[in-house]
There are 2 protein chains.
Amino acid sequence: MGTVSKALSLLTHFNHGRLEIGLSDLTRLSGMNKATVYRLMGELQEQGVVEQIEEARSYRLGPQVLRLAALREASVPILSASRRVLRELSEATGETTHLSLLQGDQLASLSHAYAPQHATKVMMEDAEVLTFHGTASGLAVLGFAEPAFVDAVLARPLEARTPQTQTDPQVVRAQITEVQRCGIAQSVGGFEAEVHSHAVPIFGPDRAVLGALAVAAPTSRMSAAQRVAIPQALQAAGLALTHRIGGVCPPHFPTGLAA
Amino acid sequence: MGTVSKALSLLTHFNHGRLEIGLSDLTRLSGMNKATVYRLMGELQEQGVVEQIEEARSYRLGPQVLRLAALREASVPILSASRRVLRELSEATGETTHLSLLQGDQLASLSHAYAPQHATKVMMEDAEVLTFHGTASGLAVLGFAEPAFVDAVLARPLEARTPQTQTDPQVVRAQITEVQRCGIAQSVGGFEAEVHSHAVPIFGPDRAVLGALAVAAPTSRMSAAQRVAIPQALQAAGLALTHRIGGVCPPHFPTGLAA
DNA sequence: AACCAATGGTTCACATAATGAACCATCAAG
DNA sequence: CTTGATGGTTCATTATGTGAACCATTGGTT
């Protein structure tokens, strides 16, 4: 692995539960040598990608990433395009909606909207990394990703986030086949207990899957009516978002008209 | 310079006018060897920091930066804190407002708001890199930055963006002194012709300057009334934003009450 | 068709730059 | 006044990055 990859892989250890990481922790998390981590973080800091907090001496992400993200949005305005779609979908379904995007071999939830209707709702945080096998979004992506990618994901050990999480690769493959048939994925309690999620894939201009659009509802609110209404609204919203970003569905993608 | 710094410095060549860069262009822009640029970009691509466009083979920023930016906002929610302040300041002044943040030795405009009142307004793009000597925001930052930083900035050649741009370091130093006295900076046509800008610095918890809050108006609309109203509203908004992000003004900062 | 000047991509001898075990300084707790 | 954390530093070893020169492809010119 090149030095640049090593340095950037250090950034993968930052997440919502670990916004600040000290040198020793980062050394342990990465498995690298302490001196190496120290120098790499020093270089990342010079470039403003991370910054060191005065008192604690721990590191957090730096201001430079904001500029890069703004330019990414200028290139591919998928987040801004998603906001309206998410808001309308939340209003239509009365539930929390979110958009997740593929980032290499990770799937991260990057934008969300809450419905005003209910006091209880599924809460979301942006930049949360989702599992492929335990979330509707992950399954929706796997259903339309390269077979080699699916194999790579299922070759890794499948973590059980809840007692309901499916960790048998065979079962997950069966779910993927079902997703390919319907064009929509479901997960009941696979990531968070008591959450029933639906998700549809989003495609880019090259017909490759970019991520997924999802509706997450408390299981208690999944009435028979919602079981019909949510997939319908979601499939329409997914097609709309794919369209708005100049994306094209693959030829065999079921648009839900036959569902 | 370390390899990591070299790789990350390639990213500085992306901006609003150059969202996609080919290998040869990037080689020229960076002054590095073509093979080096090729390998570095390959590594950045592996990590999702950049991605290569199929047809053109040129590079653009990748999806990974969105995740990093979301986490940065979770650590230091300066952009989300700024949005309300910007909107209210735009409404109060009737002009375009924007926030710029220091990113190492660069100042980038990262968030803005337009006023609904007028058909003509100063247009802004996020992630635009501002000059220190030719913008009110830049001068506001220099006025409260480390003296060594000011020296470094003024040691570089000062580019003239417009015929009105001040490029004499002596004159700029005089302007900085004035900024330190008043707590507010001005620039008339120093970056874009026909634009009169005011700016105030924003401070972090360690009393260091983080960036600047600015109001940009067409020179034609800078009436005597506005010349009083804009600085007043801007200084109040600047203090409010510094406060909202947990920042503290340095002890000698003029709050405008004596202006 | 032959030519030229671009482009992106690849090779390999060479030298620079990264590595990691061991080190020091500091701190807080026992 | 140990013990075990932490962040930070050193330096001999070697792995890694480098760049001149190369190839392949494309698109425009004569």
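The model shown is predicted, which means the values in this text are computed figures rather than measured ones.

From N to C terminus, chain A includes nine helices and eight strands. For a compact globule of 259 residues, the expected C-alpha radius of gyration is about 18 Å, and chain A comes in at 19 Å, within 12% of that figure. Expressed as lengths along the three principal axes of its C-alpha atoms, the size of chain A is roughly 60 × 40 × 35 Å. The buried share among the 259 residues of chain A stands at 54%. Surface summary for chain A: the accessible area is close to 11500 Å², and the carbon and sulfur share equals 52%.

Here we come to the relation of the copies chain A and chain B. Structural alignment of chain A on chain B gives an RMSD of 0.1 Å, achieved by rotating through 180 degrees and translating 0.0 Å along the axis. As the rotation angle and translation indicate, the two copies are arranged about a two-fold axis. Minimal C-alpha distance to the rotation axis in chain A is attained by V4 of chain A, lying at 2.5 Å. Residue by residue, 100% of the interface of chain A is reproduced at the interface of chain B, so both copies engage with the same surface.

This paragraph deals with the protein's contact with DNA strand C. Within the structure, DNA strand C sits among 18 residues, and K6 and N33 of chain A together with S24, K34 and Y38 of chain B are positioned closest to it. Sugar plus phosphate, as a fraction of atoms of DNA strand C within 4 Å of the protein: 69%. Contacts to DNA strand C include R39 of chain A, whose side-chain N or O atom sits 3.0 Å from a phosphate oxygen. One of the backbone nitrogen or oxygen atoms of L23 of chain B is found 2.7 Å away from a phosphate oxygen of DNA strand C. The set of elements that each furnish at least two residues to the surface near DNA strand C consists of α1 (3-10) and α3 (34-46) of chain A together with α2 (23-30) and α3 (34-46) of chain B. Here the surface near DNA strand C is composed, by residue class, of five nonpolar, eight polar and five charged.

Within the structure, DNA strand D sits among 18 residues, and S24, K34 and Y38 of chain A together with K6 and N33 of chain B are positioned closest to it. Protein-proximal atoms of DNA strand D, defined as those within 4 Å of the protein, fall in sugar or phosphate at a share of 70%. At a separation of 2.8 Å, a phosphate oxygen of DNA strand D approaches a polar backbone atom of L23 of chain A. A distance of 2.3 Å is found between a phosphate oxygen of DNA strand D and a side-chain nitrogen or oxygen belonging to S24 of chain A. Put simply, the parts of the chain that give the surface near DNA strand D at least two residues each are α2 (23-30) and α3 of chain A together with α1 (3-10) and α3 of chain B.

So, about the interface of chain A and chain B. Between chain A and chain B, the contact holds 49 residues from the first and 49 residues from the second. Taken over both partners, the interface formed by chain A and chain B buries close to 4200 Å², and the fraction arising from carbon and sulfur atoms is 67%. Of all residues in chain A, L66, R67 and R72 of chain A bury the most surface against chain B, accounting for 18% of the area lost on that side. Taken together, the connections running from chain A to chain B amount to two salt bridges. Note that E51 of chain A is salt-bridged to R72 of chain B, the shortest N-O span being 2.8 Å. Seen at the junction of chain A and chain B, the total is ten residue pairs in polar contact (both at pLDDT 80 or more). Broken down by class, the residue content of the side of chain A that touches chain B amounts to 26 nonpolar, 13 polar and ten charged.

Turning to the domain arrangement of chain A, a few remarks are in order. For chain A, the domain assignment lists domain 1 (3-66) and domain 2 (77-244). One C-alpha centre belongs to domain 1 of chain A, the other to domain 2 of chain A, and the line joining them spans 30 Å.

All names here are of chain A. For helix α4 (residues 64-75), built from twelve residues, the straight-helix expectation of 16 Å at 1.5 Å per residue is met to within 8% by its first-to-last C-alpha distance of 17 Å. Along α4, eleven of the twelve residues are buried, which leaves the element largely enclosed by surrounding structure. Those residues of α4 not exposed but buried are Q64, V65, L66, R67, L68, A69, A70, L71, R72, E73 and S75.

For the rest of this paragraph, the subject is unusual backbone geometry. All names here are of chain A. For R57, which is not glycine, the phi torsion reads 60 degrees and is therefore positive. Relative to the helices and strands, R57 resides in the loop between β1 (50-52) and β2 (59-61). Overall, the relative accessible area of 61% leaves R57 in the exposed class. The backbone of E194 sits at a positive phi, close to 70 degrees, despite the residue not being glycine. Among the secondary structure elements, E194 is positioned in the loop between β6 (185-188) and β7 (195-203). You can call E194 exposed: its relative accessible area is 57%.

The next point concerns the sheet that holds strand β3 (residues 96-103) of chain B. Residue and element names in this part refer to chain B. Strand order in the open sheet made by the six strands is β5-β4-β3-β8-β7-β6, with antiparallel pairing throughout. The sheet is open, and its two borders are formed by β5 (128-130) and β6 (185-188), each paired with just one other strand. Sheet twist, expressed as the mean angle between neighbouring strand axes with direction ignored, is 30 degrees. Pairing between β3 and strand β4 (residues 106-113): seven bridges, direction antiparallel. Bridging from a neighbouring strand, T97 pairs with A113 of β4. Relative to the sheet, helix α6 (residues 136-143) contacts β3, β4, β5, β6, β7 (195-203) and β8 (209-218), its axis offset from that of β7 by approximately 30 degrees.

Definitions and limits used
- Residues numbered from 1 in each chain as written.
- Chains lettered and ligands numbered in written order.
- Predicted model: local features only at pLDDT ≥ 70, side-chain atom pairs only at ≥ 80, totals over all residues.
- Heavy atoms only, no water.
- Helix = DSSP H or I, 4+ residues; strand = E, 2+ residues; numbered from the N terminus.
- Rg over C-alpha atoms; globule rule 2.2 N^0.38 Å.
- Buried < 20%, exposed > 50% of the residue type's maximum accessible area, 1.4 Å probe, protein only.
- Areas by Shrake-Rupley, 256 points an atom, 1.4 Å probe, with all protein chains shown as cover.
- Least-squares fit on C-alpha atoms with pLDDT ≥ 70 in both.
- Contact = heavy atoms within 4.5 Å.
- Near = heavy atom within 4 Å.
- Polar contact = N/O pair within 3.5 Å; in protein donor to acceptor, adjacent residues only side chain to side chain.
- Nonpolar A, V, L, I, M, F, W, Y, C, P; charged D, E, K, R; others polar.
- Buried area = accessible area lost by both parts, 1.4 Å probe.
- Salt bridge = Lys/Arg side-chain N within 4 Å of Asp/Glu carboxyl O.
- Domains from an automatic or database assignment.
- Expected span 1.5 Å × (residues − 1).
- Pairing = 2+ DSSP bridges.
- Axes fitted to C-alpha atoms, helices over the stretch in contact; angles between N-to-C directions.

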